[in-house]
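# Report on the structure
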Amino acid sequence: MTIKVGDRLPATTLVKVTPDGPEQVSTTDYFAGRRVALFAVPGAFTPTCSAHHLPGFVAQADALKAKGVDEIACTSVNDAFVMKAWGQTSGSAGVTMLADGNADFAKAVGLTMDGSKFGMGTRSQRYTMLVNDGVVEQLFVEAPGEFKVSSAEHLLAQI
């Protein structure tokens with residue numbers, strides 16, 4: 001079942017990229033008591049993700065925070081080392097990189113896709129979610145192959 005607006009995020013574990021290395025974080029703790037703009041991409045270093053999705057959230061970080069967003073986070077079904085490298089090479093200051101290496105979070109929220117025909121296996125769908133104290137406040141899931149409703153600009157227009 002796909003998560004929807006008004007649902008509480010399921011309790012899973014993601015891996016946060018820190019200067020000291022990977023750090024496991026529970027979704028229950030991570031999203032508690034704050035408003036987080038979370039966007040998910042099918043893969044780090046993939047064309048649309050690198051050229052549009054991540055850069056859009058980096059560019060709109062101040063505007064999102066001005067609208068009451070406490071943190072901006074990106075998740076992908078990649079390991080923490082790949083997420084760290086992608087963040088560093090893309091200049092993603094202001095965006096917390098959250099690895100979902102086994103797709104546990106993507107599966108728990110019901111937003112996976114089958115990327116096996118591209119050699120990618122199970123991946124996350126492309127979406128943006130505004131989470132307020134662990135509860136989904138807004139959710140915008142892209143149609144396959146599109147990049148419209150999950151952009152930072154679209155989220156800004158909705159909040």
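Scroll up to find the structure this text is about.
Note that this is a predicted model, so its numbers are computed, not measured.

With that out of the way, let us pick up the pairing of strand S5 (residues 96-99). For a regular strand, side chains alternate in direction, first toward one face of the sheet and then toward the other. Residues Thr96 and Leu98 point to one face of S5 and Met97 and Ala99 to the other, with burial holding for every one of them. Relative to S5, strand S1 (residues 13-18) is paired through 2 bridges, and the arrangement is antiparallel. The partner of Val15 across the bridge, within S5, is Ala99. Remark: the strand S4 (residues 71-76)/helix H4 (residues 80-90)/S5 crossover connection has right-handed handedness.

Moving on, we come to the pattern of salt bridges. All told, the structure shown has 4 salt bridges when counted by the stated rule. One salt bridge connects Lys4 with Asp7, and the closest N-O pair in it is separated by 3.3 Å. Owing to a relative accessible area of 46%, Lys4 belongs among the partly exposed residues under this scheme. The residue Lys148 makes a salt bridge to Glu146 at a minimum N-O spacing of 3.7 Å. With relative accessibility at 54%, the residue Lys148 sits in the exposed group.

As enumerated under the stated definition, the model contains 2 aromatic pairs in all. Taking the centre distance of 5.0 Å and the plane angle of 80° together, the rings of Tyr30 and Phe31 count as edge-to-face. Judged by its relative accessible area of 6%, Tyr30 falls in the buried class. Both rings, one in Phe39 and one in Phe57, keep their centres 4.1 Å apart while their planes meet at 5°; by these two values the pair is stacked. On the criterion of sequence distance, the pair formed by Phe39 in strand S3 (residues 35-41) and Phe57 in helix H2 (residues 47-59) is long-range, its members being 18 residues apart. Overall, Phe39 belongs to the buried group, its relative accessible area being 0%. One residue, Arg34, lies across the ring of Tyr30, its end atom 4.5 Å from the ring centre.

Here the focus is the pairing of S1. Of the strand pairs in this sheet, S1 and strand S2 (residues 21-26) are connected by 6 bridges, and their pairing is antiparallel. Across the sheet, residue Leu14 finds its bridge partner in S2, namely Val25. Connecting the antiparallel pair S1 and S2 is a turn made up of 2 residues.

Of the residues making up H4, those classed as buried are Ala80, Met83, Trp86 and Gly87. Seen along its axis, H4 keeps its buried residues to an arc of 125°; they face one direction. Summarising the geometry of H4, the exposed residues directed more than 90 degrees from the buried face are Phe81, Gln88 and Thr89.

Another aspect to go through is the sheet that holds S5. With mixed pairing, 7 strands are arranged side by side in an open sheet as S2-S1-S5-S4-S3-S8-S9. With partners counted over all chains shown, the strands left at the sheet margins are S2 and strand S9 (135-141), one partner each. Strand-to-strand, the axes of this sheet are offset by a mean angle of 30°, without reference to chain direction. Pairing of S3 with strand S8 (residues 127-132), which is carried by 6 bridges, proceeds in the antiparallel orientation.

Summarising the element assignment, Val95 is placed in the loop between H4 and S5. Given a relative accessible area of 8%, Val95 falls into the buried group. Put simply, Val95 and Ala143 are 48 residues apart on the chain and 24 Å apart in space, counted from C-alpha to C-alpha. Among residues more than four places away in sequence, those in contact with Val95 are Phe39, Leu54, Phe57, Val58, Ile72, Ala73 and Cys74.

Criteria and thresholds
Along each chain, numbering runs from 1 in the same order as the chain's sequence is written. Only residues with pLDDT of at least 70 get local features here, since the model is predicted, and only at 80 or more are side-chain atom pairs given and counted; chain-wide, interface and lining totals rely on the full set of residues. Note that water and hydrogens are dropped before the side-chain values are worked out from all heavy atoms of the structure. Only protein chains enter the accessibility calculation, which uses a 1.4 Å probe; a residue whose area is less than 20% of its type maximum is buried, one above 50% is exposed, and one in between is partly exposed. Numbering of helices and strands runs from the N terminus; a helix is a DSSP stretch of H or I covering at least four residues, while a strand is a stretch of E covering at least two. Note: two strands are recorded as paired if DSSP finds a minimum of 2 bridges between them. A clockwise path from the first strand over the helix to the second, with the strands pointing away from the viewer, defines a right-handed crossover. A pairing counts as a salt bridge when a side-chain nitrogen of Lys or Arg comes within 4 Å of a carboxyl oxygen of Asp or Glu. Stacked, edge-to-face and tilted labels apply to pairs of Phe, Tyr and Trp rings (six-membered ring for Trp) whose centres lie within 6.5 Å, assigned for plane angles under 30 degrees, over 60, and everything in between, in that order. A ring is scored as having a charge over it whenever the NZ atom of a lysine or the CZ atom of an arginine sits within 6 Å of its centre and within 35 degrees of its normal. The arc in question is traced by the directions running from the helix axis to the C-beta atoms. Note on geometry: axes are C-alpha line fits, over the in-contact stretch for helices, and angles between N-to-C directions span 0 to 180 degrees. We call two residues in contact when some of their heavy atoms are within 4.5 Å.

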